[in-house]
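# An overview of the molecular structure
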Amino acid sequence: MILTEIDHVAIAVRDLEAAIKYYQDAFGATVDHREVVESDGVEEALLKVAESYVQLLTPTNPDSPVAKAIEKRGEGLHHIGYRVNNCAEALASMIAAGATPIDKAPRPGSRGTTVAFIHPKGSFGTLIELVQE
Ligand code: CO
């Protein structure tokens, strides 16, 4: 089994502060990590749940893929991050199984991770991110 953990569940939101406050009020959640990833056009807040995260995600510009996703489908579940030991090997395994990669090779993600995204087409409608810590 290549997957070692659900790394994060990513939720696209319009107002990051409001979403953080909601998770704080509803669950007593605290922000474990916050980062602007300029290359992806997003700002994220990671709320730790055991060894996984809820990742609240908001666009930093109108051309961001997350901005387009919100425009098209509204706020909500955006992608699932699966933790793996080796992103390149996991990506190769997915491609061999017929997946359509968005990233042809692993690249830097937030928190110093190495990531690769897989297109929801061919993955039963879920945008998948492979995350190597
Ligand atoms: Co992610």
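Just so you know, these numbers come straight off a predicted model, no measurement behind them.

## Focus on the pattern of salt bridges
Tallying each qualifying case throughout the model produces ten salt bridges. Salt-bridge contacts for arginine 34 lead to glutamate 17; the nearest nitrogen and oxygen are separated by 2.6 Å. With arginine 34 in strand β2 (residues 31–37) and glutamate 17 in helix α1 (residues 16–27), this pair connects stretches of sequence that are 17 residues apart. Its relative accessible area of 34% is what places arginine 34 among the partly exposed residues. A relative accessible area of 48% places glutamate 17 in the partly exposed class. Two residues, glutamate 43 and arginine 34, come together in a salt bridge whose shortest N-O distance is 3.1 Å. Look at glutamate 43 and you get partly exposed, because its relative accessible area is 22%. When salt bridges with common partners are traced through the structure, they connect Asp7, Arg83, Arg111 and Glu133 into a single cluster.

## A few points about the coordination of the cobalt ion
Metal coordination angles in their ideal form are 109.5 degrees for the four-donor tetrahedron and 90 or 180 degrees for the six-donor octahedron. Protein-derived coordination of the cobalt ion comes from His8 (NE2), His79 (NE2) and Glu129 (OE), at a distance range of 1.9 to 2.1 Å. Each donor residue of the cobalt ion belongs to the same chain, with the gaps between them written as H-x70-H-x49-E. Note that histidine 79 is positioned in strand β5 (residues 76–84) and glutamate 129 in strand β8 (residues 128–132), a separation of 50 residues in sequence.

## Examining the sheet that holds strand β3 (residues 42–49)
Spatial strand order, β2-β3-β4-β1-β5-β8-β7-β6: eight strands in an open sheet with mixed pairing. The open sheet terminates on both sides in strands that have one partner only, identified here as β2 and β6 (107–108). With two bridges joining them, β6 and strand β7 (residues 114–118) adopt antiparallel strand pairing. In the sheet register, arginine 107 faces β7, and the bridge partner there is valine 115. Across the sheet, α1 lies against β1 (3–12), β2, β3 and β4 (52–59), angled at about 155 degrees from β4, the strand it touches most. Its contacts with the sheet place helix α2 (residues 65–73) against β1, β3, β4 and β5, and it is angled at close to 85 degrees to β4.

## Overview of the packing of aromatic side chains
By the definition in use, this model includes two aromatic pairs. On the basis of an interplanar angle of 80 degrees and a centroid distance of 5.8 Å, the ring pair of tyrosine 22 and tyrosine 23 is categorised as edge-to-face. By relative accessible area, which is 54% here, tyrosine 22 ends up exposed. Tyrosine 23 gets classed as buried once you look at its relative accessible area, which sits at 17%. Judged by centre distance (5.4 Å) and plane angle (55 degrees), the rings of tyrosine 23 and phenylalanine 27 are tilted. Of this pair, tyrosine 23 and phenylalanine 27 both sit in helix α1, four residues apart, roughly one helical turn. Members of the aromatic cluster, connected to one another through ring pairs, are Tyr22, Tyr23 and Phe27.

The rules behind these values
Residues numbered from 1 in each chain as written. Predicted model: local features only at pLDDT ≥ 70, side-chain atom pairs only at ≥ 80, totals over all residues. Heavy atoms only, no water. Salt bridge = Lys/Arg side-chain N within 4 Å of Asp/Glu carboxyl O. Helix = DSSP H or I, 4+ residues; strand = E, 2+ residues; numbered from the N terminus. Buried < 20%, exposed > 50% of the residue type's maximum accessible area, 1.4 Å probe, protein only. Donors = N, O, S within 2.8 Å, 3.2 Å for Na, K, Ca; no water. Pairing = 2+ DSSP bridges. Contact = heavy atoms within 4.5 Å. Axes fitted to C-alpha atoms, helices over the stretch in contact; angles between N-to-C directions. Phe/Tyr/Trp six-rings, centres within 6.5 Å; stacked < 30°, edge-to-face > 60°.

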